[in-house]
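So the chains spell out like this:
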Amino acid sequence: MADRRCFGRPRIAPMPSISGSRRAAGDSSAVPPGYVEVDFGAGPRLLEESTSVLSLKPADGLVPAQGAVDWSPLEALPDCLTVEWSGPERGIVDAVAAHPGIRFLYWDDAAGDIDLGSTRLSEVRLEGAGLRSLRLPDQIETLLLRRPPATLNVHAPNGGHRLDLRLFPYGPDVVIPDGLRRASKLWLWVGGEVSMTVLAAMTDLEDLTITFDGAPGALTDLRELDRHSRLHSLRLDDAFGLDPASLPELRSLRHLELNGTRRTTAAAVKGRFKGSAVTVSVSGAKSQAWLAAHMDNPFRDWVEDSEAYGRAACAAYTRAMSAVNAIPSAAPDRLEAVERTLRGLVTDLNTVHDEHGPIETDDREHAWYVFEELANRLQVPAPEASRWFDEARRF
């Protein structure tokens, strides 16, 4: 099930975090057992020797904000599997290539030409409007691209054959890079509507997931799916605008999953495939009354966990949007008003946490995602948005 609130599949926007602590200046005490002292150029820090996920984002303080980075401390972290990075390259590719045990790279604000061919990475997650080209290693299994530019040029082994591709534009404009058109598994995270013509050049597609980020959750040109003769699994998240009658006869289809749909749609789909070779799974079927109340609210799924909890979160978002819409576009203090509004959303979520919560890991990450999307819409720089969120939250 592709739960929109559970980002373990992947974790889209992890909270900034650092494993370890800064030693006091002049502290010469012995390093505690199980820890190592490292210095990537921003001063000595203590990390657990068994650290497997390492945030080296400059904003998190382990590496200097600018200038040279000393990558040698990676030698002291033999269990490191995952590295998080952001901004210009600054030697991160060579550092990862020199440590073949690092198999996962998550990179925000990437730009330019990135060549990962010398690494042993099996999973790469990239975000960056300034990306021009990307070369993937032979071992690549999963690639996630967040808001990729339409002109991005990707070179993948065998044209991406057997690749698990996750393409998250969060809007209507979907472009499958030429070098990835043999991917067998595709997860699209789009806005409120997407045409199946965007998949026309994909030759090896077997498994397709589409997650809608807004209303109406509609797939158009569904007849185009018929060209994908190998498609055996189709998952749709919040496809409230799905017309079951428009689904073509997909010869290889064996699994159809709807997560978030209309009750009438669920009944029609189950009726259509009853007695066929297709297994249908439905969760989160909604009534018309529910849709009228919650359709446009990104916290709508929280109502499933708890009526009071979810309604309070939905109300927090509604208040935030009312405040956003009241900010004049040309106001001289617009940035200050935006900051007050975004921090106010987090303050309201703190209240949800205190009175109806707690807001735990999955919902905390979803709250960050909603906050990030709203901040991006308001043109708030990502580092600033991250700081506001982290300073304001108590959950």
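Each remark here, short or long, concerns the structure printed above.
The residue count restarts for each chain, going from 1 along the sequence in the order it is written. Local features are withheld for residues below a pLDDT of 70 in this predicted model, meaning they are given only at 70 or higher, and side-chain atom pairs are given and counted only at 80 or more; totals for whole chains, interfaces and linings count all residues. Note that the side-chain values use all heavy atoms of the structure and ignore hydrogens as well as water.

Caption draft 1: Quick peek at the packing of aromatic side chains. Two rings from Phe, Tyr or Trp (for Trp, the six-membered ring) form a pair when their centres are within 6.5 Å of each other. A pair whose planes differ by under 30 degrees is stacked, one over 60 is edge-to-face, and the rest are tilted. In this structure the tally under the stated criterion is 15 aromatic pairs. Aromatic side chains Phe-168 and Tyr-170 sit 6.0 Å apart centroid to centroid with 55° between the ring planes, which places their arrangement in the tilted category. In this pair, the class of Phe-168 matches that of Tyr-170, namely buried. Ring centres 5.7 Å apart and planes at 50° place the aromatic pair Tyr-170 and Tyr-369 in the tilted group. Only protein chains enter the calculation, and the probe is 1.4 Å; a residue is then buried if its accessible area is under 20% of its type maximum, exposed if over 50%, and partly exposed in between.

Caption draft 2: Structural view of the nonpolar core. Only buried residues count toward a nonpolar core. Its members are Ala, Val, Leu, Ile, Met, Phe, Trp, Tyr and Cys residues joined through side-chain atoms within 4.5 Å. Judged by nonpolar contacts, the single largest core of 71 residues is most densely connected at Leu-186 and Ile-210. The helix and strand labels rest on DSSP assignments: H or I over at least four residues marks a helix, E over at least two residues marks a strand, and numbering proceeds from the N terminus. Among the elements that take part in this core, helix H1 (residues 92–97) stands out by supplying four residues, more than any other. Throughout, a residue-residue contact means that at least one pair of heavy atoms, one from each residue, lies within 4.5 Å. Apart from residues no more than four positions distant in its own chain, Leu-186 is found in contact with Leu-165, Leu-167, Ile-176, Leu-199, Met-202, Leu-205, Asp-207, Leu-208 and Thr-209. Core analysis: the next-biggest nonpolar cluster, separate from the first, contains 44 residues, Phe-299, Val-346, Trp-368 and Phe-395 among them.

Caption draft 3: Structural view of helix H7 (residues 361–377). The span one expects for a helix is its residue count, reduced by one, times 1.5 Å. Relative to the 24 Å expected for 17 residues at 1.5 Å per residue, H7 spans 24 Å between its end C-alpha atoms, a close match to the ideal helical length. The element H7 is largely enclosed, with a buried count of twelve among its 17 residues. Among the residues of H7, Asp-363, Glu-365, His-366, Ala-367, Trp-368, Tyr-369, Val-370, Phe-371, Glu-372, Glu-373, Leu-374 and Ala-375 are the ones counted as buried. Buried residues along H7 sit against strand E10 (142–146), strand E13 (185–190), helix H4 (302–305), helix H5 (307–325), helix H6 (334–355) and helix H8 (382–392). Once H7 finishes, Gln-379 follows within two positions and takes phi at roughly 65°, a positive value.

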